[in-house]
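Fold and geometry: a report
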Amino acid sequence: MLILALDTTAHFGSVALLEDAAVVEEVLLHSPEGFGPVLFGQIEALLRRHGATVSEVGLFAAAAGPGSFTGVRVGLTAVKGLAEACGRPVVGVSNLMALAECGTKPLRAALLDARRGEIYGAVYDAGLRVVRPEVVMAFPDWFAGLPDGVEFVSTDLGPFRAYVGNGVERRALAGAVGRVALRLPGLDAAAVDANYVRRADAELLWKG
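The present account deals with the structure reproduced in this document.

About the thresholds
- Residues numbered from 1 in each chain as written.
- Predicted model: local features only at pLDDT ≥ 70, side-chain atom pairs only at ≥ 80, totals over all residues.
- Heavy atoms only, no water.
- Helix = DSSP H or I, 4+ residues; strand = E, 2+ residues; numbered from the N terminus.
- Buried < 20%, exposed > 50% of the residue type's maximum accessible area, 1.4 Å probe, protein only.
- Pairing = 2+ DSSP bridges.
- Core = buried A, V, L, I, M, F, W, Y, C linked by side-chain atoms within 4.5 Å.
- Contact = heavy atoms within 4.5 Å.
- Expected span 1.5 Å × (residues − 1).
- Lys, Arg positive; Asp, Glu negative; His and termini not counted.
- Salt bridge = Lys/Arg side-chain N within 4 Å of Asp/Glu carboxyl O.
- Polar contact = N/O pair within 3.5 Å; in protein donor to acceptor, adjacent residues only side chain to side chain.

1. Observations regarding unusual backbone geometry
Negative phi values dominate among residues other than glycine, just as trans dominates among peptide bonds. Geometrically, the link from Gly65 to Pro66 is a cis peptide bond, its omega value of 10° lying close to zero. Positive phi, normally seen in glycine, also occurs at Arg115, with a value near 65°. With respect to the element layout, Arg115 can be found in strand 6 (residues 107–115). Given the relative accessible area of 65%, Arg115 is considered exposed. With phi around 65°, Leu128 is a residue other than glycine that occupies positive phi space.

Shown next as structure tokens:
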């Protein structure tokens with residue numbers, strides 16, 4: 001089965017085409033003005049390079065966050081639209097779970113910079129079962145409660161290097177998103193939602 005997977009949730013994004021769990025090609029994207037204007041062109045070019053059409057894709061997947069609120073919406077809207085047009089299922093994948101899929105050790109601490117002095121973090125085992133659930137909190141507090149022997153996985157470990165030492169860095173996540181999607185149930189497009197972990201500023205201000 002062909003899988004088309006996207007990640008548009010951060011400054012760098014990616015698109016990937018998979019044949020079941022094997023990544024056929026993964027392309028790192030960088031679009032400072034946002035991924036909306038370039039995403040469909042990149043998808044079309046990727047499929048064309050491998051002699052495939054969007055109607056041959058059996059499953060669509062996108063990184064569902066946490067990450068940029070606008071970026072999350074761009075990726076989810078894209079795969080939901082394509083899936084609905086083709087009558088195919090969709091899977092929204094947590095960025096933290098996708099990061100954990102890139103790890104190699106029995107316990108994998110996935111983390112992303114959430115700004116404001118906080119991180120998004122979670123701990124998974126090698127089967128991607130949740131050991132510590134997804135949270136947004138100050139990094140030192142999260143770090144202090146981690147189990148021994150975790151492997152740190154992030155798109156950028158630089159800000160945390162003094163704490164974590166070496167770990168796994170993976171900037172392009174679309175391939176991992178596609179592999180994780182195979183483990184999860186495919187849904188109708190309307191049932192797929194974002195995984196913000198923290199509410200948007202506009203919502204927080206409105207609620208206040």
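2. Observations regarding the sheet that holds strand 10 (residues 168–169)
Pairing is mixed across the open sheet formed by five strands, whose spatial order is 8-7-6-9-10. The sheet terminates laterally at strand 8 (130–138) and strand 10, the two strands that pair on one side only. One ladder, built from eight bridges, connects strand 6 with strand 7 (residues 118–125); its direction is antiparallel. Among the inter-strand pairings, Asp113 is bridged to a residue of strand 7, identified as Ile119.

3. Structural notes on the nonpolar core
Counting residues in each nonpolar core, the largest one holds 30 residues, and the members touching the most others are Val93, Leu96, Leu99, Tyr124, Val177 and Ala181. Put simply, the parts of the chain that give this core at least two residues each are strand 1 (2–7), strand 2 (12–19), strand 4 (57–63), strand 5 (90–93), helix 3 (95–101), strand 6, strand 7 and helix 6 (174–181). Every residue in contact with Leu96, bar those within four places of it in the chain, is listed here: Pro66, Ala110, Leu111, Leu112, Tyr120, Gly121, Ala122, Tyr124 and Glu134. Counting 27 residues, the second-largest nonpolar core is a separate cluster that includes Leu17, Val72, Leu76 and Ala83.

4. Remarks on helix 2 (residues 69–86)
The terminal C-alpha atoms of helix 2 lie 26 Å apart, and with 18 residues this matches the ideal 26 Å at 1.5 Å per residue to within 8%. The set of residues buried in helix 2 consists of Phe69, Gly71, Val72, Gly75, Leu76, Ala78, Val79, Leu82, Ala83 and Cys86. Buried residues along helix 2 sit against strand 1, helix 1 (36–49), strand 4 and strand 5. Phi for Gly87, located one or two positions after helix 2, is positive at around 70°.

5. A word on the side chain of Glu151
Mapped onto the elements, Glu151 comes out in strand 9 (residues 151–154). Arg108 provides the closest opposite charge to the buried, salt-bridge-free Glu151, at an N-O distance of 4.4 Å. At 2.7 Å, the side chain of Glu151 and the backbone nitrogen of Thr104 are in polar contact. Sequence-distant contacts of Glu151, that is, excluding residues within four places in its chain, are made with Gly103, Thr104, Lys105, Leu107, Arg108, Ala109 and Val168.

6. Considerations on helix 1
Of all the residues in helix 1, the buried ones are Leu39, Ile43, Ala45, Leu46 and Leu47. Lining the buried residues of helix 1 we find strand 1, strand 2, strand 3 (22–30), strand 4 and helix 2. Following helix 1 by one or two positions, Gly51 has its phi on the positive side, about 65°.

Any link to function would need more than the numbers given here.
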